[in-house]
Structure formats: structure tokens, C-alpha cells
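Structure assessment
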Amino acid sequence: MRKLALGAALSGALALTGLTAPVASADSPDLVFSDVVVNKGKAIVVGTDAVVKVPVTYTLTRPADLEIDYETNFAAVVLYRGTLRTVDNGIDPETAPTCSTTGTTDTTATDTCTETLVIDPEDSLYEAADAGTWKAGGFYSHIEQDEDDSDGHISFDSGYDLWGGLGTAQVKRAAKLTVNAGPEPAVAGRTLTVKGSLTRANWETGKYAGYKGQSVLLQFRAKNSDTYATVKTVTSGTGGALSTTVKASKSGTYRYQFAATATTGAKTSAGDHVDVK
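Our subject in this report is the structure included herewith. The model shown is predicted, which means the values in this text are computed figures rather than measured ones.

**Remarks on the overall build of the protein chain**
Each helix and strand counted, the protein chain has three helices and 19 strands in total. Expected size for 277 residues packed as a compact globule is a radius of gyration near 19 Å; at 26 Å, the protein chain overshoots this value by more than 25%. Along the three orthogonal principal directions, the C-alpha set of the protein chain runs to about 95 × 40 × 30 Å. Buried residues in the protein chain amount to 43% of all 277 residues. Within the protein chain, counting contacts between residues at least 6 apart in sequence, those at least 24 apart form 68% of the total. For the protein chain, the exposed area adds up to about 14,100 Å²; of that, 48% sits on carbon and sulfur atoms.

Written out as C-alpha cells, the structure reads:
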């Protein structure tokens with residue numbers, strides 16, 4: 001089911017503190033999230049099945065008397081699309097971050113933290129709009145409860161805060177790329193046809209679909225060589241189909257190579273070796 005609201009989008013983080021229906025905090029703590037690095041600064045490439053674990057590092061500066069215990073309160077970095085007020089989708093850690101205090105003053109404590117965002121494409125990504133730029137946000141939640149009814153009274157209070165502007169991360173669809181050169185064995189001087197296909201993850205269907213109109217490099221590595229050289233550029237057609245011809249000159253290996261776009265990760269096919277007689 002699609003996550004439409006902040007409380008649902010951050011359900012994993014909220015579950016760590018037992019929160020089920022958060023409300024706005026009356027008194028926001030003075031927290032500063034800084035030096036946020038998501039996935040070591042690299043794009044996050046996600047397919048249709050495999051769960052992707054994304055490392056996040058950051059610095060958290062907090063009041064010296066505020067302990068983050070991950071029982072009654074919780075702090076972490078999350079990713080979201082949309083605005084702080086209207087979150088279109090969100091990704092949060094499923095387990096508590098690991099933090100160590102690296103500095104203190106009379107009023108503040110500074111923690112160095114690491115956490116892991118877990119992206120399951122079946123549960124976290126829903127549509128084409130999920131491919132692109134996500135924002136990093138700092139998240140804090142708390143819970144206060146008194147379940148002792150011996151005095152005829154119980155209480156429950158919870159809330160959260162979300163800070164934006166901590167940086168961005170690119171989430172991209174994984175691509176698949178194939179190559180097949182023939183006929184084999186080839187005859188020197190005759191035409192060799194190199195076919196293949198370029199597809200990418202479709203999170204709505206859970207399958208890979210053709211990626212049409214993309215520039216793909218055909219590359220060749222001669223036998224006994226370690227280096228590929230670009231032969232020509234081929235544009236993917238209907239269903240992501242690739243097809244071009246070259247003149248067979250010597251034995252070697254052909255492959256296709258696709259550079260990343262704003263929404264799709266880079267991919268290089270396996271090589272197809274052709275003997276030329």
C-alpha cells in the first residue's frame with residue numbers, strides 16, 4: 001500500500017519508539033544534523049526484487065542533557081520526496097543508528113552516527129516519480145507514557161520533528177543490458193550483426209521494461225587485449241532493442257555500454273566473443 005503521509009512513510013522509525021499516531025511536538029529539541037552523507041555520495045540503484053541497503057553517516061549535535069535512548073526517543077536521518085508538510089514518499093532506517101559521542105561542551109554533545117536505510121522495491125518504491133532526487137531530513141520522535149493506573153490516571157503523549165535541507169540523494173532504476181554478435185564464427189570482411197536489449201526496472205509492475213531512445217556504446221576488445229574501444233553509438237528502439245552491423249576484421253569480444261541518466265543507473269553488458277576466420 002502506498003505511503004501517503006509522514007506518519008506512514010516513517011512507520012519503521014516510529015515503530016522503534018512504539019509510536020502509532022504521532023502529533024506535532026509542543027517543545028522541539030535543539031538538534032542539528034550536519035555532514036550528512038548518503039550511500040557514500042553515490043546514486044542508489046534499485047531493481048525490482050533485491051533489497052538495497054544504503055549506508056548513511058552524519059553528525060548530530062544535541063543538548064548535553066538530552067540522551068537519545070531509542071526507547072523513549074529516537075533520532076535518525078531519513079529520505080523523502082515532496083515537502084516537509086506533504087511527504088510523497090519516505091524511507092527510514094529499520095534499526096536504530098549507531099552513535100558515539102565525540103565532543104561535549106557545557107551545553108551540547110556531539111555524536112558521530114551511522115545508520116542503514118533499507119529499500120525494498122516492493123514496499124518502498126511505487127512509481128516513475130520515485131526515480132530522481134530525494135531529500136535528506138533529520139527526524140526526531142519521542143514518547144511519554146504513564147501506564148500505572150493505581151492512582152486512577154494514565155497518560156500518553158508523543159510527537160515528532162522533521163528538519164529538511166540536509167542534502168540530496170539520487171534514487172535510480174537498475175538497468176539490464178544484453179549483447180549477441182553473429183553469425184559465429186564470422187568470416188573476415190563480411191558483415192557482423194550485433195544485437196541486444198536495454199531494459200530498466202519498472203517499480204509499478206515489478207518487472208523490467210524496454211528503455212527506448214537511449215544512446216548505447218558498442219565496444220570491441222581484440223583477442224589478447226585488455227582494453228575495450230568504442231566502435232559506434234547505437235540508439236535503443238522499441239522494447240529497448242539494439243541492433244547494428246560492423247565489418248568482421250579480427251577475433252575479439254563485443255559489448256554494449258550504457259551511461260547513467262538522471263533516473264536510470266549505468267550498465268555494461270557481458271561480453272560476447274566472436275572468432276573471425
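**Notes on the side chain of N73**
Relative to the helices and strands, N73 is located in strand β4 (residues 73-82). Judged by its relative accessible area of 5%, N73 falls in the buried class. Engagement of the side chain of N73 in a polar contact is seen with the backbone oxygen of E67, the distance being 3.0 Å.

**Side note on the sheet that holds strand β1 (residues 32-38)**
Pairing is antiparallel in the open sheet, where four strands are placed in the order β1-β3-β7-β6. Each edge of the sheet is formed by a strand with only one pairing partner; in this case those strands are β1 and β6 (98-104). Sheet twist, expressed as the mean angle between neighbouring strand axes with direction ignored, is 20 degrees. Bridging between β1 and strand β3 (residues 52-63) involves five bridges; their strand directions are antiparallel. Paired with V37 across the strands is T57, a residue of β3.

**Digging into the state of the cysteines**
Inspection of every chain in the model, using the stated rule, returns one disulfide. Across the disulfide, C99 is cross-linked to C113 (sulfur-sulfur distance 2.1 Å). Judged by the torsion about the S-S bond (115 degrees), the C99/C113 disulfide is right-handed. With C99 in strand β6 and C113 in strand β7 (residues 108-119), this pair connects stretches of sequence that are 14 residues apart. On the accessibility criterion, C99 (30% relative accessible area) is partly exposed.

**Regarding unusual backbone geometry**
Cis rather than trans, the peptide bond between G182 and P183 has omega equal to 0 degrees. Looking at the secondary structure, you find P183 in the loop between β11 (175-182) and β12 (191-202). The residue after E184, namely P185, is reached through a cis peptide bond having omega -5 degrees. Mapping P185 onto the fold places it in the loop between β11 and β12.

**Things to note about the pattern of salt bridges**
Think of it this way: side chains of opposite charge can pair up when their charged atoms draw near. Evaluated as defined, the whole model comprises three salt bridges. One salt bridge in this structure joins D111 and R62, with 2.7 Å as the shortest N-O distance. You can see D111 sitting in strand β7 and its partner R62 sitting in strand β3, a full 49 residues away along the chain. Taken as a pair, D111 and R62 share a single burial class, namely buried. For E127, the salt bridge is made with R81, and the minimal N-O distance between the two is 3.3 Å. Here E127 is found in the loop between α3 (121-124) and β8 (132-146), whereas its partner R81 is found in strand β4, with 46 residues between them in sequence.

**Topic: the nonpolar core**
Of all hydrophobic cores here, the largest spans 36 residues; its most connected members are I44, Y58 and L79. Elements with a minimum of two residues in this core: β1, β2 (44-46), β3, β4, β7, β8 and β10 (168-173). When residues in this core are grouped by element, the largest group, six residues, is from β4. Residues within four places of I44 in sequence aside, it is in contact with V38, N39, V52, V54, L79, I119, A169, Q170, V171 and K172. V179, L198, V246 and Y254 belong to the second-largest nonpolar core, a separate cluster that totals 21 residues.

Thresholds, definitions, all that
- Residues numbered from 1 in each chain as written.
- Predicted model: local features only at pLDDT ≥ 70, side-chain atom pairs only at ≥ 80, totals over all residues.
- Heavy atoms only, no water.
- Helix = DSSP H or I, 4+ residues; strand = E, 2+ residues; numbered from the N terminus.
- Rg over C-alpha atoms; globule rule 2.2 N^0.38 Å.
- Buried < 20%, exposed > 50% of the residue type's maximum accessible area, 1.4 Å probe, protein only.
- Contact = heavy atoms within 4.5 Å.
- Areas by Shrake-Rupley, 256 points an atom, 1.4 Å probe, with all protein chains shown as cover.
- Polar contact = N/O pair within 3.5 Å; in protein donor to acceptor, adjacent residues only side chain to side chain.
- Pairing = 2+ DSSP bridges.
- Axes fitted to C-alpha atoms, helices over the stretch in contact; angles between N-to-C directions.
- Disulfide = S-S within 2.5 Å.
- Salt bridge = Lys/Arg side-chain N within 4 Å of Asp/Glu carboxyl O.
- Core = buried A, V, L, I, M, F, W, Y, C linked by side-chain atoms within 4.5 Å.

The quantities given are spatial measurements derived from coordinates; they are silent on function.
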